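# Structural description and commentary
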Amino acid sequence: MKTTSRTATGALVAVAALTLAACGDSGGGTTAEAESEERTLLFSYMAGEATPIGEVWTWWLDEVETRTDGALTFERYWDATLLGATETVEGLTDGRADVGQVLPTVYAGRFPVSSVGELPFESSNAAAVSQALGELGRDESSALAQEWGGQGLVPLAWSIGSSSALATNEPIETVDDLKGMRLRANDRGSKVLSSVGADLINIELAEIYGSMDRGLIDGIYGIPFSFAGPLKYPEVADYFTDLGIGVSTVNALSMSKETWESLTDEQREVIAELSAEVPAKIAEVEQRWDETSCEQVQADGDTVFVLPQSESDKIREAGKEKVDAEWRDQVSKAGVDAEAFYQTYRTALESAEKDHPTYQTGVARCADAG
């Protein structure tokens with residue numbers, strides 16, 4: 001194992017690749033050379049190791065190495081030192097990296113099916129959304145798996161941005177308080193906020209703190225509360241409000257189809273089994289980091305607040321129908337029966353929510369803690 005934060009150099013050692021007809025087809029076997037060869041894969045993540053999802057992916061990488069008895073190891077590149085967020089799809093498919101988290105929100109129009117998980121007011125249960133999307137991603141016949149296959153990728157496991165804590169320097173107690181606010185937001189669900197008068201601005205993660213500090217924006221949305229502490233947002237914001245919109249972003253740890261198909265059957269089985277454990281790990285890690293963020297918010301004397309249901313319902317009534325219609329239109333244009341897929345997703349989500357019945361947003365837990 002090697003962890004690095006410098007720019008990657010050198011070429012990826014060529015590996016024997018299989019020519020398989022279908023995405024993720026494991027029926028053709030592998031060469032004897034591939035089955036016996038130990039491999040080091042390049043891993044890329046756009047944020048740091050010391051973040052909630054960074055911790056989840058560290059656990060995943062460590063477990064792959066352990067469960068394959070060292071046949072697969074990883075050279076790890078954090079903080080976008082190998083690939084930036086907007087390069088990850090291309091970097092995976094051209095071989096600059098082997099494993100990386102893809103953020104569909106930065107690839108406008110390319111992953112409309114997957115963004116079903118970002119539809120507003122569907123669920124605040126990040127673990128359940130991760131589980132539902134993971135099940136659909138492993139079903140090669142599903143529209144979601146086919147969407148990723150069309151990009152030359154295989155989604156392995158899903159990191160879900162838990163419900164955002166809108167970070168502001170003014171209290172947000174009613175829908176009217178959002179009017180005219182310049183909010184950093186880029187996920188599909190956040191679009192409902194424009195329907196109640198907010199001005200949404202897309203800013204890269206690295207630029208958010210400085211933009212808030214200089215007053216270029218009035219608030220930060222779309223960043224899970226668990227990240228508020230590590231990203232030092234309590235230094236530039238005084239209020240953290242759960243608007244009740246639901247999970248913020250859906251992101252997939254991915255491989256290229258070529259890399260996936262070059263693995264042995266046993267290695268693919270280990271990865272599939274391990275990836276199915278990610279939702280529970282997300283719930284565990286998010287809660288711990290939520291508590292850390294809560295401690296930092298409280299230490300700074302900041303306020304956490306859950307918007308009353310009556311006010312949250314006003315946001316839903318003003319914008320959900322429009323956002324949902326836009327999603328259905330984009331999915332339909334991609335050749336997918338949007339309503340049928342939505343119902344498939346809802347069935348998977350409702351089942352997954354039963355597996356994670358005690359999940360609570362970080363802001364709600366922090367508010368309850370006083």
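Residues numbered from 1 in each chain as written. Predicted model: local features only at pLDDT ≥ 70, side-chain atom pairs only at ≥ 80, totals over all residues. Heavy atoms only, no water.

### Observations regarding the overall build of the protein
How we decide: In DSSP terms, a helix is any run of H or I states spanning at least four residues, a strand is any run of E spanning at least two, and both are numbered starting from the N terminus. Taken over C-alpha atoms, the radius of gyration is set against a globule rule of 2.2 Å times the number of residues to the power 0.38. Classification of residues uses two cut-offs on accessible area relative to the type maximum, computed with a 1.4 Å probe and protein chains only: under 20% is buried, over 50% is exposed, and between them is partly exposed.
On a plain count of helices and strands, the protein comes out with 13 helices and 12 strands. Against the compact-globule benchmark of 21 Å for 370 residues, the protein has a radius of gyration of 20 Å, which places it among compact chains. When the backbone C-alpha atoms are referred to their principal axes, the protein occupies close to 65 × 45 × 35 Å. Looking at the 370 residues of the protein, the share that counts as buried comes to 56%.

### Thoughts on the nonpolar core
To be explicit about the condition: We define a nonpolar core as any set of buried Ala, Val, Leu, Ile, Met, Phe, Trp, Tyr and Cys residues linked to one another through side-chain atoms lying within 4.5 Å. Here the bounds of each domain stem from an automatic or database domain assignment.
The biggest cluster of nonpolar side chains holds 56 residues, and the ones touching the most others in it are Leu133, Leu193, Leu243, Ile315 and Phe341. Where this core is concerned, the elements lending two or more residues are α3 (88-93), α4 (126-138), α5 (143-150), β5 (153-160), β11 (250-256), α11 (309-333) and α12 (338-355). No other element matches α12, which puts 7 residues into this core. Counting residues domain by domain, this core receives three or more from each of domain 1 (39-160 + 249-287) and domain 2 (164-248 + 293-369).

### A closer look at the domain arrangement of the protein
As a reminder, the rule being used: We call two residues in contact whenever any of their non-hydrogen atoms come within 4.5 Å of each other. Each of two parts loses accessible area, computed with a 1.4 Å probe, when they are put together; buried area is these two losses added. Salt bridge, as used here: a side-chain nitrogen of Lys or Arg that lies within 4 Å of a carboxyl oxygen of Asp or Glu. In protein, a polar contact requires one atom able to donate a hydrogen and another able to accept it; more generally it is a pair of N or O atoms within 3.5 Å, and residues adjacent in sequence count only if both atoms are side-chain atoms.
One can read the domain layout of the protein as domain 1 (39-160 + 249-287) and domain 2 (164-248 + 293-369). The straight-line distance from the C-alpha centre of domain 1 to that of domain 2 is 22 Å. Contact residues are listed per partner, giving 39 residues for domain 1 and 41 residues for domain 2. Of the roughly 3700 Å² buried at the junction of domain 1 and domain 2 (both faces included), carbon and sulfur atoms supply 66%. Here domain 1 and domain 2 share 2 salt bridges between them. Among the salt bridges present, the one from Glu122 reaches Arg346, with a minimum N-O distance of 2.8 Å. For the pair domain 1 and domain 2, the interface holds 16 residue pairs in polar contact (both at pLDDT 80 or more).

### Points about the sheet that holds strand β7 (residues 182-184)
We apply this condition: When DSSP finds at least two bridges between two strands, those strands are taken to pair. For helices, the fitted line uses only the C-alpha atoms of the stretch in contact; every axis is such a line through C-alpha atoms, and the angle between N-to-C directions lies from 0 to 180 degrees.
The strand order β8-β7-β9-β6-β10-β12 describes an open sheet built from 6 strands, whose pairing is mixed. Looking at strand neighbours, the two that pair on one side only are β8 (199-201) and β12 (303-306), the edges of this open sheet. Relative to strand β10 (residues 239-242), strand β6 (residues 166-168) runs antiparallel, the two being bridged by 3 bridges. Bridging across to β10, Thr168 finds its partner in Tyr239. Sitting on the sheet, helix α13 (residues 362-369) is in contact with β10 and β12, with an inclination near 115° to β12.

### Considering the environment of Glu204
Along the chain, the position of Glu204 falls in the loop between β8 and α6 (205-213). In this structure Glu204 comes out as partly exposed when scored by relative accessible area, which is 39%. For the pair Glu204 and Ala185, spaced 19 residues apart in sequence, the C-alpha to C-alpha distance is 9.8 Å.

### A short note on the state of the cysteines
Which entries qualify depends on this criterion: Put simply, a disulfide is two cysteine sulfurs that come within 2.5 Å.
Enumeration according to the criterion identifies 1 disulfide in this entry. Disulfide pairing places Cys294 opposite Cys366 at an S-S distance of 2.1 Å. Disulfide Cys294-Cys366: the torsion about the S-S bond is 80°, which places it as right-handed. Of this pair, Cys294 sits in helix α10 (residues 278-299) while Cys366 sits in helix α13, placing them 72 residues apart in sequence. Like Cys294, the residue Cys366 is buried in the burial classification.

### Some details on the packing of helix α2 (residues 52-67) against α10
Two measures define how a pair of helices packs: the angle their axes make with one another and the distance between the axes. Selection rule: Any angle from 65 to 115 degrees is called roughly perpendicular, while one under 35 is roughly parallel, one over 145 is roughly antiparallel, and all others are oblique. Helix crossings get a hand from a simple test, with the near helix turned counterclockwise from the far one by less than a right angle marking a left-handed crossing and a clockwise turn marking a right-handed one.
It is the contact of α2 with α10, at a shortest axis distance of 9 Å, that shows an interaxial angle of 140°. In terms of orientation, α2 lies oblique with respect to α10. Considering only the axes of α2 and α10, their crossing is right-handed. Seen from α2, the contacting residues are Pro52, Ile53, Glu55, Val56, Trp57, Trp59 and Trp60; seen from α10, they are Val278, Lys281, Ile282, Val285, Glu286, Arg288 and Trp289.

### Examining the packing of α10 against α13
Axis separation between α10 and α13 bottoms out at 9 Å; the angle between their running directions is 50°. Taken together, α10 and α13 sit at an angle that is classed as oblique. When the axes of α10 and α13 are compared, the crossing they make is right-handed. In this structure, α10 contributes Glu286, Gln287, Asp290, Cys294 and Gln298 to the contact, and α13 contributes Gly362, Arg365 and Cys366.

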